[in-house]
Amino acid sequence: MTTAAPARTSRLSHLVSTERVYRLGLAVAAAVLALVFAALITSLILLITGHGPISALHHMIDYGTQATQISAIINQATTYYLAAIAVAIGFRMNLFNIGVDGQYQLAAILAAAFGGTVALPPGLRQIGIIVVAMLVGSFWAGIVGVLKVTRGVSEVISTIMLNFVATGAIAFLIKPSNLGHLYGENLTTKPIPSSGQVGGISLIPGSDVKVYGLVFLAIGVGVGFQFLISRTRFGFDLRATGRSASAARASGVNVKKMIVVAMLLSGAVAGLVNMPELLGNAHNYSLSTPSGIGFTGIAIALLGRNNPVGIVFASLLWAFLDTSSNILQISNIPTSIVSITEGVVVLSAVVAFELVNRYALRRQQRKVGRELGLTTPDPGGPEAGGTGSEAVPA
Amino acid sequence: MTVRDASAQAVSALRADRRLTATNAAVSRMILLTLVGLVAISVTRIASDKPALTSGGVLGAAINAGVPIMLAGLGGLWAERAGVVNIGLEGQMILGTYFAAYFGYKSGSPWMLIVGGLIGGLIGGVLHAIATVGFNVDQIISGVAINLLAPGIAKYLAGIYFTTDKALASGGGPTQSPKVDVFNAFDWHGADRWLDKLTAHHWFVVSDLAGGVDAIISSLNAFTLIALALVPITWFLMRRTAFGLRLRSCGENPTEAETLGVKVYTLKSTAVIVSGVLAGLAGAFLVNYTGVYHEGQTNGRGYIGLAAMIFGNWNPGGLVLGSGLFGYTDALQQQTTTATVHALLLLVAIMLALAGLWAFAQRRVAQGVVALVAAALVLVWYLTTDSIPAEFATYSPQIITLFVLAVASQRLRMPAADGLPWRRGQGA
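Model, not experiment: these values are computed from the prediction.

A few words now on the overall build of chain B. Across its full length, chain B carries 18 helices and zero strands. Relative to the compact-globule value of 22 Å for 428 residues, chain B shows a C-alpha radius of gyration of 23 Å, a close match. Taken over the C-alpha atoms alone, chain B extends approximately 75 × 65 × 45 Å along its principal axes. Counting all 428 residues of chain B, 50% fall into the buried class. In chain B, the proportion of contacts linking residues at least 24 apart, taken out of those at least 6 apart, comes to 77%. Here chain B displays about 19,100 Å² of accessible surface, and carbon together with sulfur accounts for 68% of that area. Here chain B contributes 27 positively and 21 negatively charged side chains, and the mean placements of these two sets differ by 10 Å.

Okay, here's the thing in structure tokens:
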């Protein structure tokens, strides 16, 4: 008995690790499948509307692999990556932070105004701007967390509503009587002087565009996220709460505190979304500051399965589609065809992941039973297998 | 007649009676609330000297602003009563606007505009049904995906079909459709002129009522009538038919419903598809109102519809109240000055004070104190300022919703299994 136990444990851990590799393979396969499906649908739409899908793709790849465009794609992906990580922090805990959009925009305008007006020594100034952005993002997301734990308000509804309120608040703040300044026709915040900017780096030879210096911030956030999730007690609690709040509570996790902290963290990362652009290129907040990145972030987090590495690929793909679609105009194809591609990718990816999950779970149940020599009744068909997957609340 | 028969008869009579009493109570509560609201608005109009508050123009605009919200909310109600959250309302509404304009433009008939809206919404509804009921994908995720997909589809198709030479010649473009034929308001041949006179007198309550009636009849068209009729139809289907009972049972406890032989998948899919169709109709209504499709036309109204549904506690009657309120604030800030919108603060103060007194009468002292203090604060705000920032007035529906959720979430009751994924045989 005493000798059998360790042997069984090691066999189990071996099983778990091969299972992990196998699941990763399935996840990648599902993502590829979703991409192929989206490509098929897009081609079909192009064909129906009288355009050639092959030549369109050819144009896009030609254009998207030019040095300048590659730099632009990396820059765009940096922004998307931060938004997706902000969403993923919530998702890992089963919290839908649909409010990243409002959080990053509100953070951007206040951080830009701070950077434009408060004179700090170089170095400190950049840090100050970033800290302000994180605080504002946290605050806006924190409202959601507090409403959820004290009043039971669903975060889905409150984040949607707060997105609108943020839009109103920004329209109010940008007025010349508040934080805005009129420069000619443009209503912007006071520009951040060069002592508060972060210079670009010439990463791609021959490119007219420099890569944001804060691309390293995004990388840092990704590494930090992975470390937090997989190597700390907080991350364990977070994932446990995401899998089953009641089980986590039973094992001593303060679920309410976790919800608020997760929202604060998610909001802090959301606050960073516009920072590479603000400190590296725009230097002010204006009405042309991009909006809607929060929603793109949701899509990218889903495609990347809330995994920091998966999200890298997903945000590069998104940035490639968005940037290289510009070339389609010369062949008279509306660039919004890529929005259709992106929408189909998300929808088919979540369906594919769901199917793969069911399949992997069923297979695992059988395999574990077989390897450990336990007598498990064979799950009778697909329906019974699905029952198992629902026994663990997602 | 045996004793058993007699008692069974008595029981069923009692049940019918109780059912009637419950309905009557709900109806009289609604009427009372409406009357109180009317008096409060009238007092506000006189005290603030802002006749625009109840002018026919504003109220007519309120109806036109409220109906699409109401239709979207009805869509949300259908899906959520069957246990499926439909965040995709916004996207389905966008599809509705595009297809309504396309069909209206191609055919030249306003009826085809409605058909187009139905088709656009149907596409979105079927997508959501396949993903959530068919594949059991998380409902929020599917909704978000639809909201990403739909604007892309609308933009792409508009970029092709509204930029043909013929469409360009009649005012089309990549972001806007050519002018389409719409339903016009009914012509009353001057029969409504006495209402204008009555409104012009600015009498307490009477003039406000006249303004309301004037607004209703002068903005009525066939589409508005159809839209408004959908509310009692929904209520009747949900509350008075076996179909509705079964549909609601899917939203409350699908596993139990299944054991009783209810076809849960079929009903959920039906509800989600109807939900999409209603959202599409909401989009068509917008096109009918402005006469064109243009990009970004829905402007978050799908979400406001969702908010109105929550405000109305997942009931058609409450939903109408919510969309009326949101439509009214929307119309007020579009049609009048910020000084008029500012008068709403007084209205809020009055309503809060009444709610506080009501709470005291019900011996809910803590709530009463909170409401009265809030009323006093809002009153001070009203008295010390001349206008409120228009930016916040625009988003008052969202702020009100957050407020209602934060204060009254205990009194709201959503369907018990709302938003939960469910698969056949799950309870076994």
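Okay, the interface of chain A and chain B next. Taken together, the 48 residues of chain A in the interface contact 44 residues of chain B. Buried area between chain A and chain B, both sides added, is near 4,000 Å², and the carbon and sulfur share of it is 76%. Where chain A meets chain B, there are four residue pairs in polar contact (both at pLDDT 80 or more). For the side of chain A that touches chain B, the secondary-structure elements that each account for two or more residues are α1 (4–48), α5 (124–151), α6 (155–173), α12 (293–303), α14 (337–371) and α15 (381–391) of chain A. Among the elements that line the side of chain A that touches chain B, the one with the most residues is α6 of chain A, at 13 residues. Considered class by class, the residues forming the side of chain A that touches chain B number 32 nonpolar, ten polar and six charged.

Evaluation of the coordinates by the stated rule reveals 18 aromatic pairs over all chains. When the centroid spacing of 5.6 Å and the interplanar angle of 80° are considered together, the rings of Y265 of chain B and W422 of chain B count as edge-to-face. With Y265 of chain B in helix α12 (residues 264–290) and W422 of chain B in the segment after α18 (396–408), the pair connects residues that are 157 residues apart, well separated along the chain. Through successive ring pairs, a cluster of aromatic residues spans Y98, F99, Y102, F103, Y105, Y161, F162 and Y293 of chain B. Over the ring of F353 of chain A we find R305 of chain A, and its NZ or CZ is 4.2 Å from the ring centre. In this structure, R363 of chain A is placed above the aromatic ring of Y22 of chain A, and the distance from its NZ or CZ to the ring centre is 3.6 Å.

Turning to the environment of V213 of chain B, a few remarks are in order. Residue and element names in this part refer to chain B. Examined against the element boundaries, V213 turns out to sit in helix α8 (residues 206–219). Note on V213: relative accessible area 38%, which makes it partly exposed. When the C-alpha atoms of V213 and A417 are compared, they prove to be 41 Å apart, with 204 residues separating the residues in sequence.

Residues and elements named next belong to chain A. Inspection of the entire model under this criterion finds six salt bridges over all chains. Between R233 and D237 there is a salt bridge; the shortest N-O distance is 3.6 Å. Remark: D237 and R233 occur in helix α8 (residues 233–243); sequence separation between them is four residues, near one turn of the helix. Look at R233 and you get exposed, because its relative accessible area is 64%.

Moving on, we get to the environment of L147 of chain A. Mapped onto the elements of the fold, L147 of chain A is located in helix α5. Residue class for L147 of chain A comes out buried when judged on its relative accessible area of 14%. Spatially, the C-alpha atom of L147 of chain A lies 25 Å from that of L173 of chain A, the residues being 26 residues apart in sequence. In this structure L147 of chain A touches G152, V153 and S158 of chain A together with L402 and A406 of chain B, once residues within four positions along its chain are discounted.

Successive side chains on a regular strand alternate, one facing one side of the sheet and the next facing the other. Residue and element names in this part refer to chain A. The pairing of strand β1 (residues 180–183) with strand β2 (residues 186–189) spans four bridges and is classified as antiparallel. When the sheet's bridge partners are listed, G180 is paired in β2 with T189. Here β1 folds back onto β2, and the loop between the two strands holds two residues, one of which, G184, carries a positive phi near 65°.

On to the nonpolar core, then. Ranked by internal contacts, the top residues of the largest apolar core, which has 188 residues, are M275 of chain A together with L71 of chain B. It is α14 of chain A that contributes the most residues to this core, 14 residues altogether. Contacts of M275 of chain A, omitting those with residues within four sequence positions, involve A108, A111, I129, I130, A133, L214 and G280 of chain A. Judged by nonpolar contacts, the second largest core, of 23 residues, contains L59, A331, A343 and A349 of chain B.

Here we come to the packing of helix α3 (residues 89–107) of chain B against α12 of chain B. All names here are of chain B. Axis separation between α3 and α12 bottoms out at 7 Å; the angle between their running directions is 50°. Considering the angle they form, α3 stands oblique to α12. Here the hand of the crossing between α3 and α12 comes out right-handed. On α12, the residues touching L89, Q92, M93, G96, T97, A100 and A101 of α3 are S275, G276, A279, G280, A282, G283, A284, L286 and V287. Of the residues belonging to the contact of α3 with α12, the class tally is nine nonpolar, seven polar and no charged.

Thresholds applied
Residues numbered from 1 in each chain as written. Chains lettered and ligands numbered in written order. Predicted model: local features only at pLDDT ≥ 70, side-chain atom pairs only at ≥ 80, totals over all residues. Heavy atoms only, no water. Helix = DSSP H or I, 4+ residues; strand = E, 2+ residues; numbered from the N terminus. Rg over C-alpha atoms; globule rule 2.2 N^0.38 Å. Buried < 20%, exposed > 50% of the residue type's maximum accessible area, 1.4 Å probe, protein only. Contact = heavy atoms within 4.5 Å. Areas by Shrake-Rupley, 256 points an atom, 1.4 Å probe, with all protein chains shown as cover. Lys, Arg positive; Asp, Glu negative; His and termini not counted. Charge placed at Lys NZ, Arg CZ, Asp CG, Glu CD. Buried area = accessible area lost by both parts, 1.4 Å probe. Polar contact = N/O pair within 3.5 Å; in protein donor to acceptor, adjacent residues only side chain to side chain. Nonpolar A, V, L, I, M, F, W, Y, C, P; charged D, E, K, R; others polar. Phe/Tyr/Trp six-rings, centres within 6.5 Å; stacked < 30°, edge-to-face > 60°. Lys NZ or Arg CZ within 6 Å of the ring centre and 35° of its normal. Salt bridge = Lys/Arg side-chain N within 4 Å of Asp/Glu carboxyl O. Pairing = 2+ DSSP bridges. Core = buried A, V, L, I, M, F, W, Y, C linked by side-chain atoms within 4.5 Å. Axes fitted to C-alpha atoms, helices over the stretch in contact; angles between N-to-C directions. Parallel < 35°, antiparallel > 145°, perpendicular 65-115°, else oblique. Left-handed = near helix turned anticlockwise from the far one by under 90°.

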